[in-house]
Amino acid sequence: KNQVEQSPQSLIILEGKNCTLQCNYTVSPFSNLRWYKQDTGRGPVSLTIMTFSENTKSNGRYTATLDADTKQSSLHITASQLSDSASYICVVMNTGFQKLVFGTGTRLLVSP
Amino acid sequence: DAMVIQNPRYQVTQFGKPVTLSCSQTLNHNVMYWYQQKSSQAPKLLFHYYDKDFNNEADTPDNFQSRRPNTSFCFLDIRSPGLGDAAMYLCATSRDRGSIYEQYFGPGTRLTVT
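Since this is a predicted model, take the numbers as computed values, not measurements. (Residues numbered from 1 in each chain as written. Chains lettered and ligands numbered in written order. Predicted model: local features only at pLDDT ≥ 70, side-chain atom pairs only at ≥ 80, totals over all residues. Heavy atoms only, no water.)

**Topic: the overall build of chain A**
This is how the line gets drawn: The helix count covers DSSP runs of H or I at least four residues long, the strand count covers runs of E at least two residues long, and both are numbered beginning at the N terminus. C-alpha atoms define the radius of gyration in this analysis, and the globule rule sets the expected value at 2.2 Å times the number of residues to the power 0.38. Note on exposure labels: buried denotes an accessible area under 20% of the residue type's maximum, exposed denotes more than 50%, and partly exposed covers the range between, all computed with a 1.4 Å probe on protein chains only. With residues, only the protein chains shown are counted as cover, and all accessible areas are computed by Shrake-Rupley using a 1.4 Å probe. The charge count treats Lys and Arg as positive and Asp and Glu as negative. His and the chain ends do not count. Note that the charge is assigned to NZ on lysines, CZ on arginines, CG on aspartates and CD on glutamates.
Counting secondary structure elements, chain A contains zero helices and eleven strands. Reading chain A from its N end, one meets helices and strands in the order β-β-β-β-β-β-β-β-β-β-β. Taking 112 residues into account, the globule formula puts the C-alpha radius of gyration at 13 Å, and chain A, at 13 Å, falls close to it. By principal-axis analysis of the C-alpha atoms, chain A measures approximately 45 × 25 × 20 Å. Burial analysis of chain A (112 residues in total) assigns 44% to the buried set. On chain A, roughly 5,500 Å² of surface is accessible, and the fraction owed to carbon and sulfur atoms is 50%. Charge-centre separation for chain A: the mean point of 10 positive side chains lies 7 Å from the mean point of 7 negative side chains.

Here it is, written out as structure tokens:
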């Protein structure tokens, strides 16, 4: 069954600290993996998209990694800011059906 | 700026009263999607349009319909909303339907059913 699991479910960190969010998936055949940021009451906004051959991709203070062998990805946030408080959703595209399989997200709260 | 716009942002409707949610895009994308997202859950794809071709998900209730009168606009019609249909409805677009194409989401419409 195609699934995407994220951990932790929620996280609280102090402003300025780093954090890492995890994503494990069983989607097959794999096409690409995306990280989205979703502010409360808003639509998801894309942070990164990674294909099978990419191990690391950065977008400002966000760095995503992908290990296609173990089917794991992480999103590292450096020097967190209050505006980073949001849900972070890992999404995997299935090549066969060309559908996005969404994780349920990690809710991050950055505290002053 | 090119974008995906959803109106209204908040919609309150009565149980059983038909409601229409609107999505427009200035990206000139071929594909438009409608997702339902309930609290603390992942978005669930309801259906999508590839140009004028309507593609319904197998488990989308008949209560949900969609129209795409032109490239820019797509509507979600809920014929008889139930309490369980209260959710955030997200519209998204992509240039094409292949796996490499990014999906761009609108801000969502939060639907309340009273």
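Having put the structure on the table, let's press on.
**Section: the interface of chain B and chain A**
Quick reminder of the rule: Throughout, a contact is declared for two residues whenever any of their heavy atoms are within 4.5 Å. Buried area is calculated as the accessible area (1.4 Å probe) missing from two parts once they are joined, with the contributions of both summed. Definition used for salt bridges: Asp or Glu carboxyl oxygen within 4 Å of a side-chain nitrogen of Lys or Arg. Identification of polar contacts relies on pairs of N or O atoms within 3.5 Å, with a donor-acceptor requirement for protein atoms, meaning one able to donate a hydrogen and the other able to accept it, and with residues adjacent in sequence counted only if both atoms are side-chain atoms.
Contact with chain B, which involves 19 residues of that partner, is made by 19 residues of chain A. Taken over both partners, the interface formed by chain B and chain A buries close to 1,600 Å², and the fraction arising from carbon and sulfur atoms is 49%. Counting across the interface, chain B meets chain A through one salt bridge. Here A:Arg34 makes a salt bridge to B:Glu102, at a shortest N to O gap of 3.6 Å. At the boundary of chain B with chain A, the tally comes to seven residue pairs in polar contact (both at pLDDT 80 or more).

**Observations concerning the confidence of the model for chain A**
A low pLDDT means the predicted coordinates there should not be read in detail. Quick note on the threshold: pLDDT gives the predictor's per-residue confidence on a scale running from 0 to 100.
The pLDDT averaged across chain A works out to 93; a share of 97% of its residues lies at or above 70. Here strand β10 (residues 99-102) of chain A stands out as the least confident element of chain A, with mean pLDDT 86; strand β8 (residues 72-77) of chain A is the most confident, with 98.

**Let's talk about the sheet that holds strand β6 (residues 56-59) of chain A**
Residues and elements named next belong to chain A. This is how it is decided: For two strands to pair, DSSP has to find at least two bridges joining them. Only the stretch in contact is used when a helix axis is fitted, and all axes are lines through C-alpha atoms; the angle between N-to-C directions ranges over 0 to 180 degrees.
The strand order β1-β3-β8-β7-β6 describes an open sheet built from five strands, whose pairing is antiparallel. The strands lining the two open edges of the sheet, one partner per strand, are β1 (4-7) and β6. Neighbour-to-neighbour, the strand axes of this sheet turn through a mean angle of 15 degrees, independent of strand direction. In this sheet, β8 lies alongside strand β3 (residues 19-25) in antiparallel orientation, the contact comprising six bridges. When the sheet's bridge partners are listed, Leu21 is paired in β8 with Leu75.

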